[in-house]
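# Observations on chain architecture
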Amino acid sequence: MKRYIRTAVFLALLGLLGACAPRVQEVVEEVALPDFDTFGPTFYCGYRKGTELPHQVFAPSGPVSLALLGGESAAVGVEEGYALEGNLSRQTLLVHYPGSLDGCLFPPIAGTFEPGGPFVLVHVFGGERERIYSLDGLNEEPRGMRAYEALTPLGERVGVLVFIEEWVDADYNDAVLLLKGAEPLR
């Protein structure tokens, strides 16, 4: 019986203290994060486009990963890979997606590699196996690639977003890649 009385007194005191405590009200600003499957113009499959970066040649800083996040392309069959800067005839294709791109891929398709030196990105697409390079001089205008900082929705830098233009409308959203473990040289 004494135990119940002590518990009741304790709860009453606790309630009294709670009633006497000053009220603190904090307004927390809500951050609107996009859905993971948002595709452009600012958010791409869970990543935000940051500052524009050079996109011609990249230097590895350890093992490199390249992921195909998605895109808006009618081409069927895309492949992503690389070639060493001085040896473009020897290309290594890491990622293959057999369909046409219509938004984000879940999960993204990724491959890792250790290039051994500065490298150029290669995008292969369509039935004719056309190629687009990060080196603008190898592409027919307006085809090409552009690079931006890859940021999380909260602004943390996580790599490089690479945007690819396959056709002629210069929207640079036909394929979007996430490059990690490398930095642009020029």
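Let us look at the structure shown here. Each chain has its residues counted from 1, running along the sequence as written. Owing to the predicted nature of the model, reporting of local features is limited to residues with pLDDT of at least 70; listing and counting of side-chain atom pairs is limited to 80 or more, with chain, interface and lining totals taken over all residues. Side-chain calculation: all heavy atoms of the structure are included, whereas hydrogens and water are not.

## Some points on the state of the cysteines
The criterion for a disulfide is a pair of cysteine sulfur atoms lying within 2.5 Å. In total, this model carries one disulfide according to the counting rule given. There is a disulfide in this structure between Cys45 and Cys104, and the S-S distance comes to 2.2 Å. Sign of the S-S torsion, about -95 degrees for the bond between Cys45 and Cys104, identifies this disulfide as left-handed. Taken together, the residues span a long stretch of sequence, with Cys45 in the loop between β1 (43–44) and β2 (47–53) and Cys104 in strand β6 (residues 102–113) at a distance of 59 residues. Note on accessibility: Cys45 and Cys104 belong to one class, buried. Strands here are runs of E lasting at least two residues and helices are runs of H or I lasting at least four, both read from the DSSP assignment and numbered beginning at the N terminus. Think of it in three bands: with a 1.4 Å probe and only protein chains considered, a residue is buried below 20% of the maximum accessible area for its type, exposed above 50%, and partly exposed in between.

## Focus: the side chain of Glu165
Tracing the backbone through its elements, the reader meets Glu165 in strand β10 (residues 157–165). When charges are tallied, Lys and Arg are placed among the positive residues and Asp and Glu among the negative ones, while His and the ends of the chain are skipped. Salt bridges are defined by distance alone: a side-chain nitrogen of Lys or Arg within 4 Å of a carboxyl oxygen of Asp or Glu. It is Arg143 that comes nearest to the buried, bridge-free Glu165 among opposite-charge side chains, at 6.8 Å. Polar contacts here mean pairs of N or O atoms no more than 3.5 Å apart (in protein, one a potential hydrogen donor and the other a potential acceptor; neighbouring residues in sequence count only if both atoms are side-chain atoms). For Glu165, the side chain forms a polar contact with the main-chain nitrogen of Tyr172, separated by 2.9 Å. Sequence-distant contacts of Glu165, that is, excluding residues within four places in its chain, are made with Ile132, Pro142, Arg143, Gly144, Ala170, Asp171, Tyr172, Asn173 and Asp174. Whether two residues are in contact is decided by their heavy atoms: any pair within 4.5 Å suffices.

## Digging into unusual backbone geometry
For the bond from Gly40 to Pro41, the omega torsion is 0 degrees, close enough to zero to count as cis. Tracing the backbone shows Pro41 in the loop between α1 (2–20) and β1. Each neighbour pair has its own omega, and for Glu141 with Pro142 the value is 5 degrees, a cis peptide bond. With respect to the secondary-structure elements, Pro142 resides in the loop between β8 (130–133) and β9 (144–151). The backbone phi angle of Arg129 is positive, close to 55 degrees, even though this residue is not glycine. Within the secondary structure, Arg129 is located in the loop between β7 (119–125) and β8.

The analysis is restricted to geometry; functional conclusions fall outside its scope.
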